[in-house]
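Breakdown of the fold
The residues making up each chain are set out below.
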Amino acid sequence: MLGLRHDDPELLEALDLTWDDETGFLGRLRGGEFVQELAVAYVELLGEVDPVEDELVNASFVKLLWFMPVFIEWQIERVVEAGTPREDVERILDLATTRIMDILGVP
């Protein structure tokens with residue numbers, strides 16, 4: 001079964017929505033709120049993305065992915081202080097980062 005390609009407009013829209021301040025996992029995280037259901041949905045979305053082979057990658061796709069691990073690292077203390085168990089955030093960070101490495105590859 002084929003997954004989503006990096007240049008699929010629906011994928012790009014879904015990834016962009018994860019940064020929405022009101023409804024997106026990363027947007028809500030920016031506001032200091034860790035929403036487990038949105039975090040799981042984000043990792044599931046990443047799980048649907050096909051790995052990029054030897055091809056040029058859509059710039060918007062990279063823009064929406066590359067910053068995520070650093071961004072979540074920056075938010076950990078904030079959401080832990082707000083009552084989220086550190087393990088919950090670190091688990092999602094690990095899962096999402098692993099998926100991004102699967103998608104984009106590693107040097």
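All values reported here derive from a predicted model rather than from experimental measurement.

1. With respect to the pattern of salt bridges
For the coordinates displayed, the defined rule picks out 7 salt bridges. In this structure, Asp-7 engages Arg-5 in a salt bridge whose closest nitrogen and oxygen atoms are separated by 3.1 Å. Since its relative accessible area comes to 34%, Asp-7 is described here as partly exposed. Arg-99 is paired through a salt bridge with Asp-102; the nearest N and O atoms lie 3.3 Å apart. Of the two residues, Arg-99 and Asp-102 are both situated in helix H6 (residues 86-104); the distance of 3 residues between them amounts to about one turn of the helix. With a relative accessible area of 43%, Asp-102 lands in the partly exposed category. Each of Arg-5, Asp-7 and Glu-55 takes part in a single network of salt bridges with overlapping partners.

2. Here's the deal with helix H3 (residues 36-47)
Its 12 residues place the ends of H3 17 Å apart at the C-alpha level, agreeing with the 16 Å of an ideal helix rising 1.5 Å per residue. Among the residues of H3, those classed as buried are Ala-39, Tyr-42, Val-43, Leu-45 and Leu-46. Taken around the axis of H3, the buried residues stretch over an arc of 155°, which confines them to a single face. Looking at the buried side of H3, the elements it contacts are helix H1 (9-17), helix H2 (25-30), helix H4 (59-66), helix H5 (68-81) and H6.

3. Quick notes on the packing of H1 against H3
Contact geometry of H1 with H3 gives a least axis separation of 11 Å together with a crossing angle of 155°. With respect to their mutual orientation, H1 and H3 come out roughly antiparallel. Here the hand of the crossing between H1 and H3 comes out left-handed. On the side of H1, the interface is formed by Leu-11, Ala-14 and Leu-15, while H3 contributes Tyr-42, Leu-45 and Leu-46.

4. Quick notes on the packing of aromatic side chains
With the rule as written, the count across this model stands at 7 aromatic pairs. Centroid distance Phe-67 to Phe-71: 5.9 Å. Interplanar angle 45°. Geometry classified as tilted. Linked through ring pairs, Trp-19, Trp-66, Phe-67, Phe-71 and Trp-74 together constitute an aromatic cluster.

5. What about the side chain of His-6?
Along the polypeptide, His-6 turns up in the segment before H1. A residue is classified by how much of its surface remains accessible, and His-6, at 5% relative accessible area, is buried. A polar atom in the side chain of His-6 sits 3.2 Å from the side chain of Glu-55. For His-6, the side chain forms a polar contact with the main-chain nitrogen of Asn-58, separated by 3.0 Å. Every residue in contact with His-6, bar those within four places of it in the chain, is listed here: Leu-11, Leu-12, Val-52, Glu-55, Leu-56, Val-57, Asn-58 and Phe-61.

Rules used in this analysis
Starting from 1, residues in each chain are numbered consecutively following that chain's sequence as written. Where totals are concerned, whole chains, interfaces and linings use all residues; where local detail is concerned, this predicted model gives features only for residues with pLDDT of at least 70, and gives and counts side-chain atom pairs only at 80 or more. Side-chain numbers come from the whole structure's heavy atoms, not from hydrogens or water. Each reported salt bridge corresponds to a side-chain nitrogen of Lys or Arg within 4 Å of a carboxyl oxygen of Asp or Glu. Between buried and exposed lies partly exposed: a residue is buried under 20% and exposed over 50% of the maximum accessible area for its type, with that area taken using a 1.4 Å probe on protein chains only. For helices the rule is a DSSP run of H or I covering at least 4 residues; for strands it is a run of E covering at least 2, with both sets numbered from the N terminus onward. Each residue after the first adds 1.5 Å to the expected span of a helix. This arc describes the spread of directions from the helix axis toward the C-beta atoms. By definition in these notes, contact holds between two residues if any of their heavy atoms fall within 4.5 Å. Geometry is summarised by axes, namely lines fitted to C-alpha atoms with helices restricted to the contacting stretch, and by angles between N-to-C directions that run from 0 to 180 degrees. Note on angle classes: values under 35 degrees are labelled roughly parallel, values over 145 roughly antiparallel, values of 65 to 115 roughly perpendicular, and the remainder oblique. Each crossing is labelled by how the near helix is turned from the far one, with a counterclockwise turn of less than a right angle marking it left-handed and a clockwise turn marking it right-handed. Only centres within 6.5 Å qualify two rings of Phe, Tyr or Trp (six-membered ring in Trp) as a pair; their planes then separate them into stacked at under 30 degrees, edge-to-face at over 60, and tilted for everything else. We define a polar contact as two N or O atoms separated by no more than 3.5 Å, with the added condition that, inside protein, one atom must be a possible hydrogen donor and the other a possible acceptor, whereas residues neighbouring each other in sequence contribute only through side-chain atom pairs.

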